Amino acid sequence: MTTPPAPRVVLVTGVGRYLGARLAARLAADPRIERVIGIDAATPSGELAEVLVDVDVHQVDLRTPGVLRVMVGARVEAVAHLAVATAADQQGGRAAMKELNVIGTMQLLAACQQATMLRKLVVRSSTAAYGASFRDPAIFMEDTEPREIPRGGFAKDVLDIEGYVRGFRRRRPDVEATVLRFAPFIGSTVDTRLTRYFAQPFVPTVFGRDPRLQFLHVEDAFEVLHRSVVEAHPGTFNVAGGGTLTLSQAVRRAGRVTVPVLEPGLNALAGIGRAGVSLDQVDLFVHGRVVDTTRLIREFGFTPRTTAEAFAEFVQSRRDGELLPADTIRSVEQALLEGFRRTRAARAALESGE
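The structure contained in this document is the topic of the report that follows. (Residues numbered from 1 in each chain as written. Predicted model: local features only at pLDDT ≥ 70, side-chain atom pairs only at ≥ 80, totals over all residues. Heavy atoms only, no water.)

1. Section: the pattern of salt bridges
Phase 1: Tallying each qualifying case throughout the model produces 16 salt bridges.
Phase 2: Residues Arg63 and Glu99 are paired through a salt bridge, measuring 3.5 Å at the closest nitrogen-oxygen approach. With Arg63 in the loop between strand 3 (56–59) and helix 3 (66–74) and Glu99 in helix 4 (residues 93–114), this residue pair connects regions lying 36 residues apart in the sequence.
Phase 3: What makes Glu99 partly exposed here is its relative accessible area of 32%.
Phase 4: For Glu223, the salt bridge is made with Arg227, and the minimal N-O distance between the two is 2.7 Å. One end of the pair is Glu223 and the other is Arg227, both in helix 7 (residues 218–230) and four residues apart, which spans about a single turn. (Salt bridge = Lys/Arg side-chain N within 4 Å of Asp/Glu carboxyl O. Helix = DSSP H or I, 4+ residues; strand = E, 2+ residues; numbered from the N terminus. Buried < 20%, exposed > 50% of the residue type's maximum accessible area, 1.4 Å probe, protein only.)

2. Comments concerning the packing of aromatic side chains
Phase 1: Enumeration according to the criterion identifies ten aromatic pairs in this entry.
Phase 2: Here the aromatic rings of Tyr197 and Phe198 are separated by 5.2 Å at their centres, their planes lie at 75°, and the arrangement is edge-to-face. Here Tyr197 and Phe198 have matching classes, each one buried.
Phase 3: Ring geometry for Phe311 against Phe314: centres 5.6 Å apart, planes inclined by 55°, an arrangement best described as tilted. With a gap of three residues between them, Phe311 and Phe314 both fall in helix 12 (residues 307–317), about one helical turn apart. (Phe/Tyr/Trp six-rings, centres within 6.5 Å; stacked < 30°, edge-to-face > 60°.)

3. Quick notes on helix 7
Phase 1: In this model helix 7 runs 19 Å from its N-terminal to its C-terminal C-alpha over 13 residues, within 8% of the 18 Å that 1.5 Å per residue would give.
Phase 2: Of all the residues in helix 7, the buried ones are Val218, Asp220, Ala221, Phe222, Glu223, Val224, Leu225, His226, Ser228, Val229 and Val230. (Expected span 1.5 Å × (residues − 1).)

In structure tokens:
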């Protein structure tokens with residue numbers, strides 16, 4: 001079977017953010033690709049602008065007709081859609097996040113439908129599409145449906161995005177569409193709410209819960225994205241590191257101390273500050289999530305580094321002299337647990353009138 005040639009002109013959305021900028025630069029360095037166009041509503045600045053020196057950057061809002069003009073004018077053959085926000089920022093909040101993710105994707109796909117030269121579409125998605133509940137299976141396959149409607153905004157957006165992609169596939173069967181469901185990113189260069197969560201000296205967790213987690217090294221994400229653009233891999237794929245870590249294992253390996261709280265307490269932290277957790281993450285820290293990556297490994301011929309390896313690299317990069325020895329961590333955690341139990345017992349006694 002003859003391998004189709006790599007697309008000559010590629011458009012990458014979201015180049016004003018780390019993931020989009022790095023992928024665009026990586027594709028621009030590929031000699032098989034003649035031209036890479038990056039678009040974002042805001043002009044990239046600082047380090048991102050330096051990374052994009054070989055990329056033709058356009059300041060274009062996905063929700064405007066300017067997207068179609070760029071695609072038609074440049075005769076774009078492939079689109080990598082990475083302009084998907086995983087958390088609400090402090091300026092526009094949840095409404096702006098949904099506007100970018102859902103409306104932006106809908107308008108982009110409308111432009112893609114009219115772009116006659118287009119033959120490939122790669123879309124960033126997330127394992128958050130499966131949700132997180134007590135009814136979840138032990139392992140999610142690509143065809144597993146969510147058992148409950150997710151509470152978090154990002155997970156809801158992801159489900160909408162994938163729904164729009166399914167509709168696009170029906171309207172443009174000639175375009176090869178790839179949907180990549182990424183596990184949470186980790187790595188030395190990653191700065192997200194999740195990495196900031198593990199960087200706190202005292203890490204709040206849900207009392208009585210120790211969920212299984214999977215992570216993905218961001219460099220492995222770039223490798224899968226790159227291959228999706230230049231090779232033929234239609235379909236939907238789980239992308240995660242093999243194996244799992246429990247939340248308590250991850251916190252200990254990060255040299256931090258767990259602080260168990262009741263679930264409403266963790267809910268109260270959702271969205272507060274840069275290190276706050278989202279509702280998507282609250283549910284993840286209660287129920288966990290594990291996905292099967294057999295299809296990815298078989299189809300791409302690529303195996304991401306394991307969850308433990310990816311997390312270890314992240315921890316090593318953050319060693320700042322503030323990490324606590326393992327014995328100290330266990331002692332502090334035990335003291336906190338004992339205090340928590342005494343508080344619960346005293347409250348129960350007070351409520352019973354004893």
